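So the chains spell out like this:
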Amino acid sequence: PLTKSVKTGPIRTRFLLECLEDLRTTLAGHGQRLLCMHCRTADAIKQLCDTFRVVKVFAFQEVCSQEQRIESEVGRVLHDAGSSLVLRWGFTLYHMDDLPVDPWRAHTYRTYSAFRRAVQEESRVQPEVSPPRLWQPPPSLSEADAVSLVLDGSWPTVAELCGEDAPRHDDRAPVRWVGGEQAALAWLHDYVWKRQALAKEYVGATNTMSK
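Computed from a predicted model, the values in this text were never measured in an experiment.

Participant: Quick question: what am I supposed to make of helix 1 (residues 10–28) here?
Facilitator: Given 3.6 residues per helical turn, the α-helix brings residues three or four places apart onto the same face. For helix 1, spanning 19 residues, the distance from its first C-alpha to its last is 27 Å, which sits close to the expected 27 Å at 1.5 Å a residue. Among the residues of helix 1, those classed as buried are Pro10, Thr13, Arg14, Leu17, Glu18, Leu20, Asp22 and Leu27. Of the surrounding elements, those touching the buried residues of helix 1 are helix 6 (158–162) and helix 7 (181–194).

Participant: It is not clear to me how the environment of leucine 93 should be interpreted in this structure. Could you clarify?
Facilitator: With respect to the helices and strands, the residue leucine 93 is situated in the loop between strand 2 (84–88) and helix 4 (112–122). A relative accessible area of 83% means that leucine 93 is categorised as exposed. Linking leucine 93 and valine 125, residues 32 residues apart in sequence, is a C-alpha distance of 9.1 Å.

Participant: What is the right way to look at a nonpolar patch on the surface in this model?
Facilitator: Where nonpolar side chains cluster on the molecular surface, the patch consists of Phe15, Leu16, Trp177 and Trp187 and spans about 400 Å² of accessible area. Relative to the assigned elements, phenylalanine 15 resides in helix 1.

Participant: What's the story with the pairing of strand 1 (residues 56–60) in this structure? I'm lost.
Facilitator: Look at any regular strand and the pattern is simple: side chains alternate between the two faces of the sheet. Where strand 1 and strand 2 come together, 5 bridges link them in parallel fashion. Along strand 2, the bridge assignment pairs alanine 59 with leucine 87.

Participant: Honestly, the nonpolar core in this entry has me stumped. Any pointers?
Facilitator: Soluble globular proteins tend to pack their nonpolar side chains together in the buried interior. Ranked by size, the top nonpolar core spans 10 residues in total: Leu17, Leu20, Leu27, Leu34, Cys36, Trp155, Val158, Leu161, Cys162 and Ala166. Secondary-structure elements contributing two or more residues to this core are helix 1 and helix 6. In this structure, Ala42, Ile45, Val57 and Val77 belong to the second largest nonpolar core, which totals 7 residues.

Scoring rules and cut-offs
Residues numbered from 1 in each chain as written. Predicted model: local features only at pLDDT ≥ 70, side-chain atom pairs only at ≥ 80, totals over all residues. Heavy atoms only, no water. Helix = DSSP H or I, 4+ residues; strand = E, 2+ residues; numbered from the N terminus. Expected span 1.5 Å × (residues − 1). Buried < 20%, exposed > 50% of the residue type's maximum accessible area, 1.4 Å probe, protein only. Contact = heavy atoms within 4.5 Å. Patch = residues over 30% accessible without salt bridge, like charges linked within 9 Å, V, L, I, M, F, W, Y side chains within 5 Å. Areas by Shrake-Rupley, 256 points an atom, 1.4 Å probe, with all protein chains shown as cover. Salt bridge = Lys/Arg side-chain N within 4 Å of Asp/Glu carboxyl O. Pairing = 2+ DSSP bridges. Core = buried A, V, L, I, M, F, W, Y, C linked by side-chain atoms within 4.5 Å.

Written as structure tokens, this is what we have:
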């Protein structure tokens, strides 16, 4: 759901809309449609539960108090509908379950280097999750209309969400960040492999990259 928030300015809003556009393109390649609701998150989930049989909702686990309150509201709505909310951690480079220590308990590391060495030597990155091979057909238009979903390209504009348009790129900025998975992968490939910036520019780096 897209909602106006004082925590999200016009530049970040433009970035998020670009992320949605990229996601819509990816889903279209699998015969799916991205359906977007413009309202409070809990209200959106309530409408979906009233229209569809919702078993589970998967979401990114948040860390800030306002977002956690929204998670709690959504969890209560789903519980009342006989559904459940499944939260996935993803805020850190290593998953918390893969660390050599319990992140919620005090540890004996006195320096960052000691902690880094332990993580580097004892942790293992979880394998990548492959996309599903089979995709269920998307909801019909009549079902989508029943919950007032915004379909396809009918996104709210940056001005509608923030009250002002995102400013044009400032020449002083080193990068014009573009939202979306494809832009992120292209930037990562350029940074790590093409320019080898991780080895040549990152402070303290001692390794070179090899394919």
